[in-house]
Amino acid sequence: MGHTSLDKIIALQNKPANIRNLCILAHVDHGKTTLADCLVASNGIISSRLAGKLRYLDSREDEQIRGITMKSSAISLHYSVGGEDYLINLIDSPGHVDFSSEVSTAVRLCDGAIVIVDAVEGVCPQTQAVLRQAWLENIRPVLVINKIDRLIGELKLTSQEAYTHLQKILEQVNAVTGSLFTSKVLEERAEKDSEVREAGGGDNGEQVYDWSAGLEESDDSDLYFSPDQGNVVFASAIDGWGFSIHQFAHMYSQKMGIRSEVLLKTLWGDFYLNAKAKKIMKGAQSKGKKPLFVQLVLDNIWSLYDAVVLKRDKEKVEKVMSSLGVKVAARDSRHSDPRVLLSAICSQWLPVSQAVLTMVCNRLPSPLDMAAERVEKLMCVGARRFDCLPEKTQELKRAFLECKSDTSAPVVVFVSKMFAVDSKALPQNKQRPLTQEEMAQRRELARQRHAEKLAASQAADAPAQPLSQGRSATDSDHPGPDVLPDHGEAMTLKANKVDEEEGKEHFIAFARVYSGVVRKGQKVFVLGPKYDPAEGLKKLPEGCSTADDLCTVPHMACCSLGSLYLLMGRELEELEEVPAGNVLGIGGMEDWILKSATISTSPACPPFTPLNFEATPIVRVAIEPKHPSEMPKLVRGMKLLNQADPCAEVLIQETGEHVLVTAGEVHLQRCLDDLRERFAKIEISASKPIIPFRETIVRPPKVDMVNEELGKQQKVAVIRQVKEEQSKYPETVQVDSTGLVTLTTANRMATIGVRAIPLPEEVTQLLEANSDLIRTMELFNLSMKEGKTLEINQKTLESIQDLKRKLESYMQGRKWRSAVNRIWSFGPRRYGPNILVNNLEGYRRPSVWQCLEKERSRAETYREFDNSIVSGFQLATLSGPMCEEPLMGVCFSLEKWDMKLPRQPSEGDRVSPDDPARLDRSGDGVYGQTSDQEAQGGSESESVVPTGSSEGKRRNNSSLVDCYGPFSGQLIAAMKEACRYAFQAKPQRLMAAMYTCEIMATAEVLGRVYGVLSKREGRVLQEEMKEGTEVFIIKAVLPVAESFGFADEIRKRTSGLASPQLIFSHWEVISSDPFWVPTTEEEYLHFGEKADSINQALKYMNGVRRRKGLYVEEKIVEHAEKQRTLGKNK
Ligand SMILES: Nc1nc2c(ncn2[C@@H]2O[C@H](COP(=O)(O)OP(=O)(O)OP(=O)(O)O)[C@@H](O)[C@H]2O)c(=O)[nH]1
Ligand SMILES: [Mg+2]
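Within an unreviewed UniProt entry, the label attached to the protein chain reads Elongation factor-like 1, and the organism entered is Scleropages formosus.

Draft legend 1. Focus on the coordination of the magnesium ion (ligand 2). Ligation of the magnesium ion (ligand 2) by protein atoms is provided by Thr 33 (OG1) and Thr 69 (OG1), these donors lying 1.8 to 1.9 Å from the ion. Of this pair, Thr 33 sits in helix H2 (residues 32-41) while Thr 69 sits in the loop between helix H3 (61-66) and strand S2 (73-81); the two residues are 36 residues apart in sequence, bridging distant segments of the chain. The residues Thr 33 and Thr 69 share a single accessibility class, namely buried.

Draft legend 2. Broad picture of the confidence of the model for the protein chain. Overall, the prediction assigns the protein chain a mean pLDDT of 79, with 78% of residues at 70 or greater. Every residue in residues 464-499 is under pLDDT 50, and counting partners more than four places away or in other chains gives three contacts.

Draft legend 3. Just the nonpolar core, in detail. Within the largest apolar cluster, 154 residues are counted, with the highest numbers of intra-cluster contacts made by Ile 114, Ile 586, Leu 660, Phe 892 and Trp 897. Ignoring sequence-local partners within four residues, the contact set of Ile 586 consists of Val 413, Phe 507, Ile 508, Ala 509, Ala 511, Leu 561, Gly 562, Ser 563, Leu 564 and Ile 599. By size, the runner-up hydrophobic cluster in this structure holds 56 residues, among which are Val 173, Val 232, Trp 241 and Val 328.

Draft legend 4. Layout of helix H29 (residues 866-878). Here H29 contains 13 residues, and its C-alpha end-to-end distance of 19 Å stays within 8% of the 18 Å for a straight helix at 1.5 Å per residue. Buried residues dominate H29, accounting for 13 of its 13 residues.

Draft legend 5. Quick peek at the pairing of strand S13 (residues 523-527). Burial of S13 is extensive: four of the five residues sit out of reach of the surface. With five bridges joining them, S13 and strand S14 (residues 556-560) adopt antiparallel strand pairing. Bridge assignment links Lys 523 to a residue of S14, and that residue is Ser 560. Both S13 and strand S19 (residues 597-600) contribute to a ladder of three bridges, which runs antiparallel. Paired with Leu 527 across the two strands is Thr 598, which belongs to S19.

Draft legend 6. Layout of the state of the cysteines. Under the criterion given, the structure shown has zero disulfides. Unpaired in this structure, Cys 23 has its nearest cysteine sulfur neighbour in Cys 110, at a distance of 3.8 Å. With relative accessibility at 0%, the residue Cys 23 sits in the buried group. This cysteine, Cys 671, is not joined by any disulfide, and Cys 647 carries the nearest cysteine sulfur, 8.3 Å off.

Draft legend 7. Structural view of helix H17 (residues 372-379). Within H17 the residues assigned to the buried category are Arg 374, Val 375, Leu 378 and Met 379. Across the axial projection of H17, the buried residues extend over an arc of 130 degrees, all falling on one side. Where the residues of H17 are buried, they touch helix H4 (100-108), helix H18 (391-402) and strand S11 (505-515).

Draft legend 8. Seen up close, empty space enclosed by the protein. Within the structure shown, the criterion is met by four cavities of 30 Å³ or more. Of the pockets and cavities examined, the largest cavity occupies roughly 130 Å³. Along its surface, the largest cavity is lined by 16 residues, and Glu 778, Lys 785, Trp 824, Arg 830 and Arg 845 are the ones closest to its centre. For the lining of the largest cavity, the elements supplying multiple residues, two or more each, are helix H27 (771-785), strand S28 (823-827) and H29. A total of four residues in the lining of the largest cavity trace back to one element, the largest contributor, which is H27. A per-class count over the lining of the largest cavity returns six nonpolar, five polar and five charged.

Draft legend 9. Fine view of the sheet that holds strand S21 (residues 649-652). Spatially, four strands are ordered S21-S22-S20-S23 in an open sheet, and the strand pairing comes out antiparallel. Lying at the two open borders of the sheet, with one neighbouring strand each, are S21 and strand S23 (684-686). The mean angle between the axes of side-by-side strands here comes to 30 degrees, regardless of whether they run parallel or antiparallel. One ladder, built from five bridges, connects strand S20 (residues 619-625) with strand S22 (residues 658-662); its direction is antiparallel. Each bridged residue has a counterpart across the sheet, and for Val 619 the counterpart in S22 is Thr 662. The strands touched by helix H23 (residues 631-644) are S20, S21, S22 and S23; relative to S22, the strand with the most contacts, the crossing angle is about 25 degrees.

Draft legend 10. How the structure looks around the side chain of Ser 353. You can see Ser 353 is positioned in helix H16 (residues 352-363). The residues contacting Ser 353, other than those within four sequence positions of it, are Cys 38, Leu 39, Ser 42 and Thr 358.

Draft legend 11. Region of interest: the sheet that holds strand S27 (residues 750-758). The six strands are arranged S25-S26-S27-S30-S29-S28 in an open sheet whose pairing can be described as mixed. What marks the edges here is a single partner per strand, and that holds for strand S25 (733-735) and S28. Mean inter-strand twist for the sheet, computed between neighbouring axes without regard to direction, equals 20 degrees. Running at roughly 35 degrees to S27, helix H33 (residues 967-984) makes contact with S25, strand S26 (741-744), S27, strand S29 (834-838) and strand S30 (890-899) of the sheet.

Draft legend 12. Up close: the packing of aromatic side chains. Evaluated as defined, the whole model comprises 25 aromatic pairs. Between Phe 400 and Tyr 514 the ring centres are 5.8 Å apart and the planes differ by 45 degrees, which places this aromatic pair in the tilted class. Here Phe 400 is found in helix H18, whereas its partner Tyr 514 is found in strand S11, with 114 residues between them in sequence. Note on Tyr 514: relative accessible area 1%, which makes it buried. Taking 5.7 Å as the distance between ring centres and 40 degrees as the angle between the ring planes, the aromatic pair formed by Phe 400 and Phe 608 counts as tilted. Of this pair, Phe 400 sits in helix H18 while Phe 608 sits in the loop between S19 and S20, and the two are 208 residues apart along the sequence. There is no split in this pair, since Phe 400 and Phe 608 are both buried. Here the aromatic cluster, defined as three or more aromatic residues joined through ring pairs, consists of Tyr 163, Phe 234, Trp 241, Phe 243, Phe 248, Tyr 252, Trp 268, Phe 293, Tyr 305 and Trp 349. Lying over the aromatic face of Phe 510, Lys 417 brings its terminal NZ or CZ to 5.3 Å of the ring centre. Directly above the ring of Tyr 514 sits Arg 512, whose terminal nitrogen or CZ lies 4.7 Å from the centroid.

Draft legend 13. Focus on the pattern of salt bridges. According to the stated counting rule, one finds 41 salt bridges in the structure shown. Between Glu 402 and Lys 404 there is a salt bridge, and its shortest N-O distance comes to 3.5 Å. One connected set of salt bridges, linked through shared partners, spans Arg 60, Asp 62, Asp 645, Arg 670 and Asp 674.

Draft legend 14. Just the pairing of S28, in detail. Buried residues dominate S28, accounting for five of its five residues. With four bridges joining them, S28 and S29 adopt antiparallel strand pairing. Note that in S29 the partner of Ile 823 across the bridge is Val 837. In textbook terms, the turn of a hairpin is the stretch between consecutive antiparallel strands, and for S28 and S29 this stretch comprises six residues, one of which, Arg 829, has a positive phi near 60 degrees.

Draft legend 15. Main features of the site of ligand 1. In the vicinity of ligand 1 lie 20 residues, with Lys 32, Thr 33, Thr 34, Thr 69 and Asp 149 positioned nearest. Contact between ligand 1 and Lys 32: an oxygen atom at 2.8 Å from a side-chain N or O atom of the residue. At a separation of 3.1 Å, an oxygen atom of ligand 1 approaches a polar side-chain atom of Lys 147. Surface burial for ligand 1 is 84%, taken as the share of its 640 Å² of free accessible area covered by protein chains. Mapped onto the shell around ligand 1, the elements with two or more residues apiece are H2 and helix H6 (149-153).

Draft legend 16. Main features of unusual backbone geometry. That bond from Gly 827 to Pro 828 is cis: its omega, -5 degrees, falls within 30 degrees of zero. With phi around 55 degrees, Asn 138 is a residue other than glycine that occupies positive phi space. Mapped onto the elements of the fold, Asn 138 is located in the loop between helix H5 (125-136) and strand S5 (140-146). On the basis of relative accessibility, which here comes to 26%, the residue Asn 138 falls in the partly exposed class. One non-glycine residue with positive phi stands out, namely Glu 884, at about 55 degrees. Along the chain, Glu 884 turns up in the loop between H29 and S30. Judged by its relative accessible area of 27%, Glu 884 falls in the partly exposed class.

Draft legend 17. Looking closely at the side chain of Arg 755. For Arg 755, the position within the fold is in strand S27. Here Glu 895 takes part through its side chain, which lies 3.0 Å from a polar atom of the side chain of Arg 755. Arg 755 has contacts with Thr 738, Gly 739, Leu 740, Cys 891, Phe 892, Ser 893, Glu 895, Ala 982 and Lys 986, leaving out every residue within four places of it along the chain.

What counts, and where the lines are drawn
- Residues numbered from 1 in each chain as written.
- Chains lettered and ligands numbered in written order.
- Predicted model: local features only at pLDDT ≥ 70, side-chain atom pairs only at ≥ 80, totals over all residues.
- Heavy atoms only, no water.
- Donors = N, O, S within 2.8 Å, 3.2 Å for Na, K, Ca; no water.
- Helix = DSSP H or I, 4+ residues; strand = E, 2+ residues; numbered from the N terminus.
- Buried < 20%, exposed > 50% of the residue type's maximum accessible area, 1.4 Å probe, protein only.
- pLDDT = per-residue confidence, 0-100.
- Contact = heavy atoms within 4.5 Å.
- Core = buried A, V, L, I, M, F, W, Y, C linked by side-chain atoms within 4.5 Å.
- Expected span 1.5 Å × (residues − 1).
- Pairing = 2+ DSSP bridges.
- Disulfide = S-S within 2.5 Å.
- Arc of directions from axis to C-beta.
- 1 Å grid on protein atoms, 1.4 Å probe; cavity = no way out; pocket = protein on both sides within 12 Å on 5 of 7 lines; lining within 4 Å.
- Points joined across faces, edges and corners; volume = space filled by probe spheres on them.
- Nonpolar A, V, L, I, M, F, W, Y, C, P; charged D, E, K, R; others polar.
- Axes fitted to C-alpha atoms, helices over the stretch in contact; angles between N-to-C directions.
- Phe/Tyr/Trp six-rings, centres within 6.5 Å; stacked < 30°, edge-to-face > 60°.
- Lys NZ or Arg CZ within 6 Å of the ring centre and 35° of its normal.
- Salt bridge = Lys/Arg side-chain N within 4 Å of Asp/Glu carboxyl O.
- Near = heavy atom within 4 Å.
- Polar contact = N/O pair within 3.5 Å; in protein donor to acceptor, adjacent residues only side chain to side chain.
- Areas by Shrake-Rupley, 256 points an atom, 1.4 Å probe, with all protein chains shown as cover.

Structure follows, in structure tokens:
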């Protein structure tokens, strides 16, 4: 098959039923790019000889050097099967965890996916992750079990063993799919039940809950991978072969005279061929017979490998070739590497591209088959209900499902990422072959120039006088030699400009058209993630179009599309228009779109749900240019990097440092390379990774550091310590022995009492896991405060209910009595894993759970300055006293809040009656740092919300301004301080971020892996042997702080046999106390007076404090004394 022409692809783009948008997903190194090579080669874009070696879609230099994919890239292929032509838009994605955001951006644009599993390694962590992502996006997967040659060459399995092994792999993959499916069915069932309950039905406790019912009813038969369903291909991409059992069924039905349908059902499974009876029978295993799959399929392949690779038996190879009808070029058969011959034979006999592409065309859905469920999911952001969206928006659903591309259909496009290309790579800047006319023109020009030169040299030879005359004559009509230098300068200037232009980055939006036809230069709305179609429809006049230019709606912009491109791997082809159902690149959007966006011609279009990113960006480094004068270049470069990478974040810290946050070490390296070579083009230096920590408190220990029970004597010591510390507190603060901190504001008008209590671990985990839910709740509460209502869908409400129930079950005991109902706020940022509990007598404020309540009780109102308390709590949880890192797992209980507010002031009492607003502002100057505003959720109106009208309240607040600033500000500061002191009154601990990793290692290197792990404070959770292999799988956790260089070290120590991937897992309390000093006699004995053995927590804490420029208490040298031998000095 030759290179498919552009016209053909354009024609195919208009036939959505024959389009397949798909991506290749797998764990790292399972062979995605190699398989993509084979598919690309089938279109003649690269030579089939190079397929698998070139890795054509890994177009970046570092991808080629490291041998891993870092960016997803797309290519359009043509394939014909069964008399139909298909257009296949293929996206190759990276498998390394650090780049999992690239997978999310790819999956969003597809309808189907090829999931690859390595036949030796089986299901790995990223395999599960990508299956889950495909599931979450409702796209259908097909399976390729790759690298089957490794079973022959490396594991040396017999064909029978290989069959068992393959069965196991299939079971594993199906187990993952099964668990995804089960959870969904149960969820749907619960939803249905609650609907029934709401409808007023069965509230009669007799209902028997039958869990199995939902599962049995739902049809999941086409969900699982099974060779007889035609959704599994067995392959070896590197050797260029692959097959589905359909091919063999077809082949043998002719040979053996058995119907191919029968073969199809029996080729995979416990069936065998009874040669005498010429029948296929069941029960191969129990009768000790060879299963059909082994006999008819695997044995052929095994014997081919045996003849070609192991035995190099020329005669046999000839025989096999002639029986298969395969012809091989002489240079392949004479090649010294037998694999060349093997792949030449196999790629003709069972070409992998044919098997995979046929499966794709037959089994994966076209854009026309998009499920209604998926459309609704794409259109409802967060907790909204689809049926609460404006009617016009709901109508758009039809446009999606029909995937129409006539001119009347609204244009809907989703951009999932922006990627940078050199301007050289753009088709308009590419050098095209010259046409005949152009060549003739150029020839003519060159001839003229030559003639002029000749004339000039002749003139120079002539006497001086006539020259000046000649000059004056020529000057007037066309430029003579004098003018030429000028002209030349202009030329070089222009050339410079072109050079500059060439070096400039162009951003291309990676997008898909869901409805309508996009055209170059078309005017469209760009909708941000917060755009609300209801608001847009209200504000824009009826029937307005993008041409009217009247965009004043928030989160909506109006612009025209730049050039449209067909994505062809490393190349781009320019297109005039692209109809619905296709993946494309759009140029000229860099000023309008940062990372992703929804584009539409209709203001009714909602922004699509945000992408599901699995990776948490956790590795942060501060970056600075080598030469300080290049700072602006760095800033510009970081901005570009931020746009070009879906996952990287850039920010400026309070310290003024420019910080880059990435998903992991490999990702960091790539970002730094990009900055250096592409976006900033300057030398930069990056700091050591900044490791995040959390601060928490724990219960007082029961034993001391030498495991002695803490008796009364110790208690005395502790109390003494508390007393000592008391003297450190300012006079407005009092701390009692139970840890209750009482603090009075500077103007002595309010006193608050706060106590800090450690939250149970399960609660902290629950809060962490449900931060999105808490944020939704908070949004609801805020809108209630403002007098608006927000519709939350039933499913979210149920999850909130569930969260509350779980919290209640975890927070049992006297200490937590009704604490869940009394939760005042979550923090920091209003959704973090710390809580503020209202333990005041006589203050009933609206509950944070009010979205669950049908009616609000009248008795509940906000007390004045309620919000200052919340803000103070937010600030306190945002940065703790140990090293100004966020808190985690702490409950602050407010037990006292007295206010002696002065009588309502009359007009004359005002400090400055004419301008209250100014006073407010001045107050902000005192207390409002940037982080304050962030902690308050940036909502200024909140601080003036309580009972009365906001106008009245503002006046009231300003009246309370004294020499210490506005009262609300004082209260915020007091609350923050009180929380900090309360925190310090308890045993404090640091929490470290932990990675999990799964390491595969053989028995020989196992010991070294353990060595590296324990050196880095890692902990092994599990070790097991992978079935059928000699490989051990070790699961371990490792602190992020100790992880840098870990993967490299493991690789080095094991000679490249083990290569772990680190995935952020959780936060863990570091058990050692950073403030610990020996207090009991035993401890003195054991650790010495100075206790200078290494305290890990103290080391981390001081590291952070030093980085932040905070005071570090360190004894550098105590009792310095030179050691000398006195005798000699005499
Ligand atoms: N033995 C064998 N090796 C293979 C096969 N397919 C790919 N490989 C090798 O596996 C390695 C990884 O292949 P890639 O195609 O780069 O893997 P990938 O899945 O694209 O990797 P990432 O993009 O980094 O996730 C390469 O060294 C390939 O040569 C196969 O069928 N058999
Ligand atoms: Mg790859």
